[in-house]
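Chain and residue survey
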Amino acid sequence: MLPSPEGTERKRGYAVRVEEIHFNHDVISASGDALNIRRNGGGLPIHAPEWRFGQSPQPAAYARNAISGMVTIKVLLRGGPPNGKLRIRAIDAYLPPATPGGCIGWILSLIAAIVHALVGNVLGDAGAKTVQLDANGDSSLETFELIHHKLAVASVGARTTEWVWQARVLRLFARWREFDRTSHRIFTLIDVPRGPWEQDASFNNLQLPWADALEKACTWAVGAADADAAAARITRAVNTRSNQSYTPATVFGFDPPYQLTSYMTHLDGGAPFVLNCTDCANAVTTFANLLGCDLWEGRFFNMVTRKFLTLNGNSNNAGDWVSWNWGYHEICWLSAIGVTQPVYDGCLQLDMDDNYADNVHVAQHPIKMNFGQNAPGDYRFRLIESGTGNLENIPRRRTVA
Amino acid sequence: MTMDAATLKELGTRYDLAGLRARVPREPVELYRGFDAAKLQVEGWHVSLVETLRRADSRPWRRAVFDAAEAAGMRVMIDVIECASPSESLDCLLEVLAGNQLARLEDGPASLGFAAFRHPDGAPPAIFFARNNLCVTVASFGSRPAPVEPWAERVVQMLATQSRD
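Residues numbered from 1 in each chain as written. Chains lettered and ligands numbered in written order. Predicted model: local features only at pLDDT ≥ 70, side-chain atom pairs only at ≥ 80, totals over all residues. Heavy atoms only, no water.

**Describing the packing of aromatic side chains**
What the rule picks out here adds up to 21 aromatic pairs over all chains. Where F252 of chain A meets F273 of chain A, the ring centres are 5.9 Å apart and the plane angle is 85 degrees; that geometry is what we call edge-to-face. Here F273 of chain A lies in strand β11 (residues 273–275) and F252 of chain A lies in the loop between β10 (244–246) and α5 (260–269), a separation of 21 residues in the sequence. Members of the aromatic cluster, connected to one another through ring pairs, are F252, Y258, Y263 and F273 of chain A together with F141 of chain B. Directly above the aromatic system of F144 of chain A lies the positively charged group of K129 of chain A, at a separation of 5.7 Å from the ring centroid. A cation over a ring is seen here: R398 of chain A above F254 of chain A, with NZ or CZ 5.3 Å from the ring centre. (Phe/Tyr/Trp six-rings, centres within 6.5 Å; stacked < 30°, edge-to-face > 60°. Helix = DSSP H or I, 4+ residues; strand = E, 2+ residues; numbered from the N terminus. Lys NZ or Arg CZ within 6 Å of the ring centre and 35° of its normal.)

**Structural notes on the interface of chain B and chain A**
Of the residues lining the interface, 35 residues belong to chain B; the matching set on chain A comes to 38 residues. For the pair chain B and chain A, the summed buried surface comes to about 2,600 Å²; carbon and sulfur atoms form 56% of the total. When the shortest N-O distance is used, the salt bridge between R396 of chain A and D4 of chain B registers 3.1 Å. The interface formed by chain B and chain A includes 19 residue pairs in polar contact (both at pLDDT 80 or more). Looking at the side of chain B that touches chain A, the elements with two or more residues in it are α1 (5–12), β1 (45–53), β2 (61–68), β3 (75–82) and α3 (86–98) of chain B. Here the residues of the side of chain B that touches chain A sort into 15 nonpolar, 11 polar and nine charged. (Contact = heavy atoms within 4.5 Å. Buried area = accessible area lost by both parts, 1.4 Å probe. Salt bridge = Lys/Arg side-chain N within 4 Å of Asp/Glu carboxyl O. Polar contact = N/O pair within 3.5 Å; in protein donor to acceptor, adjacent residues only side chain to side chain. Nonpolar A, V, L, I, M, F, W, Y, C, P; charged D, E, K, R; others polar.)

**Quick notes on the domain arrangement of chain A**
Residue and element names in this part refer to chain A. Its domain assignment divides chain A into domain 1 (7–189) and domain 2 (226–396). Relative to domain 2, the C-alpha centre of domain 1 lies at a distance of 41 Å. Facing four residues of domain 1, the contacting portion of domain 2 comprises four residues. For the pair domain 1 and domain 2, the two sides together bury roughly 290 Å², of which 67% comes from carbon and sulfur. On the domain 1 side of the contact with domain 2, R64, V156 and L189 bury the most area, a combined 87% of that side's loss. In this structure, the connection of domain 1 to domain 2 is made through zero salt bridges. Counting every contact that joins domain 1 to domain 2 gives zero residue pairs in polar contact (both at pLDDT 80 or more). Here the residues of the side of domain 1 that touches domain 2 sort into two nonpolar, one polar and one charged. (Domains from an automatic or database assignment.)

Next comes the structure, spelled out in structure tokens:
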């Protein structure tokens, strides 16, 4: 670790510090700064500065595919030398742990590097710049370019960046001295969130991405390098939450809004609860689209199903392979509803074993399966034993509350 | 009513909507206000969660979840949506039916309200009814099935007590 701030500046009787850091300093664009987000379904949107001296830091989110060109933050400094000038920068506080030599050391170093890549600094460093301070030793809101950042290539994740802030006087051979440290929770998404999420920050918009939902989605889909992988991981996650089980009744809102706050409360509470296909389709679409996927909810009607593995079921438990007579079933569709469209279903796992008369089952999550008709690889064939299965061509993305 | 026309049309293929509308009381009925199912006191059960949920039409929607003290995983959820009239409570009930995957629900006890439905045997127990201006759902909510009819009757009894008071 770097030494504590005992640098030249303090010895000279001033102690410059970071007062504010703005990540989302342009609410109109996400190409060079963070997205518009809010904490949750209550309260207000998160406004820059996300980091302010003496206050709880707020998270920020970046959409990888939207990043183009320079990424910047804005920083306000206080307590520097009156009317002075300083070179200022922020560097990654992370230092690889000391490891023994040989094979074990190499493996430990590799593990540490992987962990750091998945959960550590994604912002890189704030490039050095000369900052002019006023008579009070305060700066104006200064723009810093992020260098060595991975925002344009990062996989999905919820990461923490620890920065060491350093200053250097404008003198030949002057050394960088640490004067502050800051920590930032950063979400990295594949793309700008799609509906029901919005980016209009001109009012207290409940449909701005919620940080508590981002925390969950980024954890479920950590490491996903593209929208397909993100949608797949979200589908699996929704299907396998250990405190869920199936009921035919919609619990979290059939008519909009989708009760996302309530769903997350029950998920996090740990006590068992029930939900149905509409609830699962809402969850998959809402969390996947939060990461930049392009899913829609859509229904089809009138079917007796083949045996499938029920929500959160154990494939080795015969009782968890069930069949229902459904008036409708709701799933997620990629881009549009149609027979030739790929679908995702977080409510069940299909039986891919061809012999439906025996008790041998091969469970498979319906992830980017062709809805299709009667081909062995079709979702429809694997789910519907009899009935029309006719599509309702009404794509939905329910607003959240 | 917030349900879209396509959903209502689909619902009409599963239920006799005209017949249901004919059951709406014509005479004036008592309108319940501020009913709070979380105040139900049932031995061996405790309230574990109370929620107020948002609806697009701003009708009050309160949810209470009860946990059995002695039977881990046994839970009951009671949802109450407060409407302005019996006609509106039927609209809410239709929304509840529209969001139920089963091809058709069984009729529920007539004593619960002017329209009542329940899950058939084999499905997690749940009962749905419209009584005066309230739309009520009582559902087994945990990993172990809980009987719901006694809870629905308790709701009706509590409403009656509230009326007398």
